[in-house]
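Each chain, written out:
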Amino acid sequence: MKTEGVIIVGFSSIPGEDGKMLYPSKDADLQLGDSILKINGIAVTSDDQAAELINRFGGTGTLEIELRQGDEVKTKQVETIKCPETGTYRIGLYIRDDTGGVGTMTFYDRLSGRFGALGHRIAEADPGDGKKTLIGRVMPADITAVVPGEKGRTGEKIGYFHPGAFEGEIDTLGEFGVFGKMKQSFGE
């Protein structure tokens, strides 16, 4: 699934000139699950591009960040800090531009072409309000291994995709999974 902008999945500290650890994004009230849409007016499409924009405009001392926070689009001013370890400007974020993986299609309605998958919320990408924050697709996959979940550790399916056999587009991310419409009918 491809995100709208990039999703904030964590915060990191940056050492300041005096050695004190700083959290500029947290201080600017950016929140986990927010989608960064623009940096200094430029649309953000990947995590690499976001890092490049932060570093490019970092010398000004402040960035203008447009983001989706829940169902609102907001603009925040975020201080930039030149990291003494990397020599680049940073704002103290961990971001992702996609949520990849294999999920199980739960249902498909041949009359409407609608499907549902997973049966649970995608916590790292969902602000929890049922609003569309991701665009994605469904396609067939071969599962080659299953790693069972254990207490404190999520399980996973390992496999590979077969693009082109059939596809559907995800249009809704909600409390009970992802939903969308198949591009063509199948399973007759």
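Reading guide: rules and limits
- Residues numbered from 1 in each chain as written.
- Predicted model: local features only at pLDDT ≥ 70, side-chain atom pairs only at ≥ 80, totals over all residues.
- Heavy atoms only, no water.
- Phe/Tyr/Trp six-rings, centres within 6.5 Å; stacked < 30°, edge-to-face > 60°.
- Lys NZ or Arg CZ within 6 Å of the ring centre and 35° of its normal.
- Buried < 20%, exposed > 50% of the residue type's maximum accessible area, 1.4 Å probe, protein only.
- Helix = DSSP H or I, 4+ residues; strand = E, 2+ residues; numbered from the N terminus.
- Arc of directions from axis to C-beta.
- Pairing = 2+ DSSP bridges.

Q: Report on the packing of aromatic side chains, specifying residues and quantitative values.
A: Evaluation of the coordinates by the stated rule reveals one aromatic pair. Lying across the ring of Tyr23, Lys26 places its NZ or CZ 5.5 Å from the centre.

Q: Kindly report on helix H2 (residues 47-57), identifying the contributing residues and their values.
A: For H2, the set of buried residues is Ala50, Leu53 and Ile54. The buried residues of H2 occupy one face: seen down the axis, they fall within an arc of 100°.

Q: Give me the pairing of strand E12 (residues 114-118): which residues, what numbers.
A: Note: strand E11 (residues 105-108) against E12, three bridges, orientation antiparallel. If you follow Met105 over to E12, its bridge partner there is Ala117. A loop of five residues connects E11 with E12, the two strands running antiparallel in sequence, and Gly113 in this loop sits at a positive phi of about 80°. Pairing analysis gives five bridges linking E12 to strand E17 (residues 177-182), with the strands arranged antiparallel. What sits directly across from Arg114, in E17, is Lys181.

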